Amino acid sequence: MMLSTASFRLPAATLKRVVARSVIAAAVAVLLSGCVADGLDDLSKSAPQLSSKTIAEMKKKKMSPASPVLVRIFKQESELEVWKVDASGQYALFKTYPMCRWSGKLGPKMTNGDRQAPEGFYHVSAGMLNPNSQYYASFNLGYPNRLESALGYTGDALMVHGACSSSGCYAMTDQGVGEIYAIVQKALAGGQERFQVQAYPFRMTADNMALHKDDPNLPFWRTLKQGYDAFEFTRRQPKVSVCGRRYVFNTEFEGGEPTDPLAACPPAMSTADPNLMAKLDAENKKVEIAMSSVKSSAVFAYVDGGMHPSFRALLKKNGANKMAASISGIKYPVSRPDAALADPYAGPSIWKPAAKPEDSTSDR
């Protein structure tokens, strides 16, 4: 016997409970899938605006609020840099922001739920900015990018956002991300189609590369360093291509831009600047010398990501609750404060991996 929808109705009280459970389930799904930067919005908020102080700082450095912007992120140092084009037409460092929290360990993000903050090259357009994030304000890095998608990496909603909580994102505090958001938004509104984000495991000096010479991610990091060096030596945004299962920088290819990230790279056209190539070759030799002088690299314990020393000192002094209240208007809890207090990068000590991973039911 078939029942019509008209002959089967839930009581009003039961229906309310079902709807409530559905809403809760949806919210939980968002919590499990990402940093909640887009899922639970407060639509009453307005987007952060550039302060007169920030505009004055730009003016001192001969930068315009509308000039193009570029962002660099360094996990080990827990710092985010904002670069802007100045009167010379090249990028110059505007400001370095201490990072309150990132999660996971050094290395690329590959799998949903691994708590890894991503490493690589990303491009952010205006539609990826969210002024109404649960974490005050945010912008989506666009993970997985074309290369990561082709390699089968999973995960989504990887953000730079406020507060001091991370499950794969970069948390900058409300104050920090508010200023960063206002800067990048003004550049996009001024005509920049999208801005580049370069996310690195550490500042990619020869000494740091040698320090991590035994890490299994070293081949990937050496590729990232090519883009890092190109920017360091030219102060111009590197052109990023993907082929041969890797990033390729500042290269023009016969037949145009490669379309398959997994296929071998097409023949390259000789367009490289000889002076730049000489600098890159010298840097490669410097890395090789540094690596040969180090017998073995240190083994670090990644309890769970990192925190800038300035915030670690604040956490030690005030505790997690008081600190959360001081850096976030919604007092969002500091993620895994005990792990944040552990500093595997300080001093000469060699740390061993944690014997048992912490609970990761809400990891991304």
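In what follows, the structure referred to is the one given above.
Bear in mind the structure is a predicted one, so any value in this text is a computation, not a measurement.

Trainee: Mind showing me how you'd approach the sheet that holds strand β6 (residues 129–130) here?
Mentor: Strand pairing in a sheet relies on backbone hydrogen bonds. The paired strands run either parallel or antiparallel. Across the sheet, which stays open at both edges, the five strands sit in the order β4-β9-β8-β7-β6 with mixed pairing between neighbours. In this open sheet, the two strands that pair with only one neighbour each are β4 (101–102) and β6. Note: β4 against strand β9 (residues 170–171), two bridges, orientation antiparallel. Each bridged residue has a counterpart across the sheet, and for Trp-102 the counterpart in β9 is Tyr-170.

Trainee: I tried to follow the packing of helix α6 (residues 218–234) against helix α7 (residues 274–292) on my own but got confused; where do I start?
Mentor: The geometry of a pair of packed helices is captured by two quantities: the angle between their axes and the separation between those axes. For the pair α6 and α7, the least separation of the axes is 10 Å and the interaxial angle reads 135°. When the axes of α6 and α7 are compared, the pair comes out oblique. Considering only the axes of α6 and α7, their crossing is right-handed. On the side of α6, the interface is formed by Leu-218, Arg-222, Lys-225, Asp-229, Ala-230, Phe-233 and Thr-234, while α7 contributes Leu-276, Lys-279, Leu-280, Glu-283, Val-287, Glu-288 and Met-291. Taken together, the residues of the contact of α6 with α7 sort by class into seven nonpolar, one polar and six charged.

Trainee: I would appreciate a short explanation of the sheet that holds strand β5 (residues 120–125) in the present structure.
Mentor: The strand order across the open sheet formed by five strands is β3-β2-β1-β10-β5, and the pairing between neighbours is mixed. Here the strands that pair on one side only, and so sit at the sheet edges, are β3 (91–98) and β5. On average, each strand axis in the sheet is tilted by 20° relative to the strand beside it, whichever way the strands run. Sheet topology note: the β5/strand β10 (residues 194–200) ladder contains six bridges and is antiparallel.

Trainee: Where do I start with the pattern of salt bridges in this structure?
Mentor: Between side chains of opposite charge, a pair can form as their charged atoms come close. All chains considered together, the criterion is met by 14 salt bridges. In this structure, Arg-222 engages Glu-288 in a salt bridge whose closest nitrogen and oxygen atoms are separated by 2.6 Å. Of the two residues, Arg-222 is situated in helix α6 and Glu-288 in helix α7; the sequence distance between them amounts to 66 residues. Relative accessible area serves as the criterion here: at 29%, Arg-222 is assigned to the partly exposed category. The shortest N-O distance in the salt bridge between Lys-225 and Glu-283 comes to 2.9 Å. Here the residue Lys-225 occupies a position in helix α6, and Glu-283 occupies one in helix α7, the gap between them amounting to 58 residues. Side by side, Lys-225 and Glu-283 carry an identical accessibility label, which is buried. Residues joined by salt bridges that share partners form a network here, namely Arg-72, Glu-79, Glu-81, Arg-203, Glu-232 and Arg-235.

Trainee: Looking at this structure, how should I read the side chain of Gln-198?
Mentor: Note that Gln-198 resides in strand β10. On the basis of relative accessible area, Gln-198 is assigned to the buried category, the value being 0%. Within the structure, Gln-198 has its side chain in polar contact with the side chain of Gln-196 (distance 2.8 Å). For Gln-198, the side chain forms a polar contact with the side chain of Tyr-200, separated by 2.8 Å.

Trainee: What should I look at first to understand the packing of helix α4 (residues 173–189) against helix α8 (residues 309–327) in this one?
Mentor: Close contact between α4 and α8 brings their axes to 11 Å; oriented N to C, the two are set at 80°. Here α4 lies roughly perpendicular to α8, going by the angle between them. Residues Thr-173, Asp-174 and Gln-175 of α4 form the contact with α8, whose own contacting residues are Phe-311, Ser-326 and Ile-327.

Trainee: How do you make sense of unusual backbone geometry when you look at a structure like this?
Mentor: The phi torsion of most residues other than glycine is negative, and most of the peptide bonds are trans. Omega for the bond connecting Tyr-143 with Pro-144 falls within 30 degrees of zero, at -5°, which places this linkage in the cis form. Within the fold, Pro-144 resides in the loop between β7 (138–140) and α3 (146–150). Phi angles above zero are rare outside glycine, and Arg-115 is one such case at about 65°. For Arg-115, the position within the fold is in the loop between β4 and β5.

Quick notes on the rules
Residues numbered from 1 in each chain as written. Predicted model: local features only at pLDDT ≥ 70, side-chain atom pairs only at ≥ 80, totals over all residues. Heavy atoms only, no water. Pairing = 2+ DSSP bridges. Helix = DSSP H or I, 4+ residues; strand = E, 2+ residues; numbered from the N terminus. Axes fitted to C-alpha atoms, helices over the stretch in contact; angles between N-to-C directions. Parallel < 35°, antiparallel > 145°, perpendicular 65-115°, else oblique. Left-handed = near helix turned anticlockwise from the far one by under 90°. Contact = heavy atoms within 4.5 Å. Nonpolar A, V, L, I, M, F, W, Y, C, P; charged D, E, K, R; others polar. Salt bridge = Lys/Arg side-chain N within 4 Å of Asp/Glu carboxyl O. Buried < 20%, exposed > 50% of the residue type's maximum accessible area, 1.4 Å probe, protein only. Polar contact = N/O pair within 3.5 Å; in protein donor to acceptor, adjacent residues only side chain to side chain.

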